[in-house]
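# Examination of the molecular architecture
Residue-level listing of the chains:
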Amino acid sequence: MRAIVREGPCGRKELASAIGVSFTTITKTVTELIELGALTESAAATPRGVGRPVVPLDVPAAQRLVVGAHLHPGSTSCGAFTLRGEQVAFRTTAAGGRTQRERIEEAARLVDDVVTEAGVAAVLGIGMTTPWAEVHHGQPPPLLSDVDHDELRNGLRERLPHPLRLEPNVRALAVEHHWWGAGGDDVLTVLVGRSVGVAQMRGGELVWDGPGAGGLVSHVIVPGSGFPCACGQVGCVKATCTDDALLQRAVAAGLLPPGALQRDLYPASDTEQLQGLRRDRAEELGRVIPLIMSLVAPGETTIRGRLGTPDEISTCVEAIRLRFRALVGREANVRHHGGERPDFWARASAALALDRYLASPLEHEGGRASRGSPVPVP
Ligand SMILES: [Zn+2]
C-alpha cells in the first residue's frame, strides 16, 4: 500500500518485484486488502501486448479519506483528502475563541463538520498540527490563542471517535512531502516560522519519533550572532532567525507597531528596512542550517516557510549551499518549497493521518470494523 500510494497504481507482478516479496505473498495480501475495501482493482490502462492483461491495484478514491486540521493563531482550517491527497472537503474559519477551551471547541466543531461532509464512515483518521512546538518561557509571551497540545488532544478525543495524531507542523510537512510531494527517501525538512523546526523522513519513517521527539533547534547557536536569548546564551536560533525574533526586532526599531503579527513581516507594500531584516535573516540561516545538515547527513534538504521575496529565498538557499560546500566539501542538495494553496496546512496535517494508517493498514482496518457503524455526530 505504501508503494502504491507513493508510486501510483501498480500490477501485482510489478509490485512483487518492486518491494521484493514473492508473487504468492502479494496475491494473498492483496486479496485480503481488496476484501476489506482498502485496495481496488481498476480496469483502466491495460497495455496491449502478450500475456495476461495487467489489472492495476489502486487505493480507493472516496471510500477511504484522511482529515487534517490546523490551528493557526488567527484561524482554524480543516480538510478531507483522498489517500492521494486530493481535496474532498475544505473549510476555514477565523479564530474567535479567546480562551484555550473555546479554541479547542471551535476546532472540534470544524473537524466535526468536515468529517460529516466527507462521510463519517470513510474517514480513517485525523491529523492535526499547531504552529507552536514549544513552551514560550520568555519573550515574546504566549499568544492568547496558544493551545496546550495535551489539552487539545483530550478536547478532540472527547468529541471525535477517529484515531487522532497531533504533531508539530514541521513533522506534518516532512510526512506530506514523503507521501504526496515526490520527496526522496532521505529528506530533512527545515521549517522557518515562529520557531525553526526540523524533521527527517528516512526510509519511510520519521527519524525522531515518540512524544516530545527532537526537531527543535531553538537553542542551537548561529555563528556570528550577537542576539541574547532568554535562555541565557547569546546567538540562539530562537533569538536570531525566527519570525518571532524578527518581529521583536522590527517592533523595537519602530518598523512595526507593538502588537504586530507574524504576517506583518511580509507586507504587500514592503519597506527597505523590513527587506534588510529579512536579508540578514537569510544570511543567518545560511550559517546555521549547514551545521544541522552536516549533523544529520540527509540525502536532500527542503527549506519550508515564507522567508520573504523570491530573491530573498534564493539568497538564503545560495548561502546554505556556499557554507555547506565550505564545511563539508560536497554540494548540498537543498531546495526551498513554497506552499501557497489555501488548504496547505490542512493537507499537510491530513498526511499525518495517512502516515499512521499506512504504518499498519490491516490493524487499522480491523479497528474500523470493530468501531462498527458510523458514530452519530453530536
Ligand atoms: Zn537560547
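Since we're looking at a predicted model, the values are computed, not measured.

### A closer look at the overall build of the chain
A tally of regular secondary structure across the chain gives 12 helices and 12 strands. Within the chain, the fraction of its 378 residues that count as buried is 48%. For the chain, restricting intrachain contacts to residue pairs at least 6 apart in sequence, the fraction spanning at least 24 positions comes to 63%.

### Details of the packing of helix H2 (residues 12-19) against helix H3 (residues 23-36)
Where H2 meets H3, the closest approach of the two axes is 9 Å, and the angle between their N-to-C directions is 120°. The interaxial crossing formed by H2 with H3 has right-handed handedness. Two secondary-structure elements touch here, H2 through Arg-12, Lys-13, Leu-15, Ala-16 and Ile-19 and H3 through Phe-23, Ile-26, Thr-27, Val-30 and Ile-34. When its residues are assigned to classes, the contact of H2 with H3 shows seven nonpolar, one polar and two charged.

### Here's the deal with the sheet that holds strand E9 (residues 196-202)
If you trace the five strands from one edge of the open sheet to the other, you get E10-E9-E8-E11-E12, paired in mixed fashion. A strand with exactly one partner marks an edge of an open sheet, and here the two such strands are strand E10 (205-206) and strand E12 (334-336). The pairing of strand E11 (residues 300-304) with E12 spans three bridges and is parallel. Looking across to E12, one finds that Ile-303 is bridged to His-336. Helix-sheet contacts for helix H9 (residues 272-296) involve strand E8 (186-192), E9, E11 and E12, and the interaxial angle to E8 is about 150°. Of the strands in this sheet, E11 and E12 are in contact with helix H10 (residues 310-328), which crosses E12 at around 165°.

### Some words on the pairing of E11
The side chains of a regular strand alternate between both faces of the sheet. Among the five residues in E11, five count as buried, and that is most of the element. Because side chains alternate across E11, one face comprises the buried residues Glu-300, Thr-302 and Arg-304, and the other comprises Thr-301 and Ile-303, equally buried. By the bridge criterion, five bridges tie E8 to E11 in an arrangement that is parallel. Bridging from a neighbouring strand, Val-187 pairs with Glu-300 of E11. With respect to chirality, the unit in which E11 leads through H10 into the neighbouring parallel E12 is right-handed.

### A look at the coordination of the zinc ion
The coordination sphere of the zinc ion contains the protein donors His-219 (ND1), Cys-229 (SG), Cys-231 (SG) and Cys-236 (SG), at a distance range of 2.0 to 2.3 Å. Donor residues for the zinc ion, ordered by position in the chain, follow H-x9-C-x1-C-x4-C. Of this pair, His-219 sits in the loop between E10 and helix H7 (237-240) while Cys-231 sits in the loop between E10 and H7; the two residues are 12 residues apart in sequence, bridging distant segments of the chain.

### So, unusual backbone geometry
In this model, Ala-297 sits at a positive phi of 50°, which is unusual for a non-glycine residue. Here Ala-297 shows up in the loop between H9 and E11.

### A word on the environment of Cys-236
With respect to the secondary-structure elements, Cys-236 resides in the loop between E10 and H7. Each C-alpha atom of the pair Cys-236 and Val-217 lies 8.7 Å from the other, and the pair is 19 residues apart in sequence. When neighbours within four sequence positions are excluded, Cys-236 is seen to be in contact with Ser-218, His-219, Val-220, Ile-221, Val-222, Phe-227, Cys-229 and Cys-231.

Rules used in this analysis
Residues numbered from 1 in each chain as written. Predicted model: local features only at pLDDT ≥ 70, side-chain atom pairs only at ≥ 80, totals over all residues. Heavy atoms only, no water. Helix = DSSP H or I, 4+ residues; strand = E, 2+ residues; numbered from the N terminus. Buried < 20%, exposed > 50% of the residue type's maximum accessible area, 1.4 Å probe, protein only. Contact = heavy atoms within 4.5 Å. Axes fitted to C-alpha atoms, helices over the stretch in contact; angles between N-to-C directions. Left-handed = near helix turned anticlockwise from the far one by under 90°. Nonpolar A, V, L, I, M, F, W, Y, C, P; charged D, E, K, R; others polar. Pairing = 2+ DSSP bridges. Right-handed = clockwise from strand over helix to strand, strands pointing away. Donors = N, O, S within 2.8 Å, 3.2 Å for Na, K, Ca; no water.

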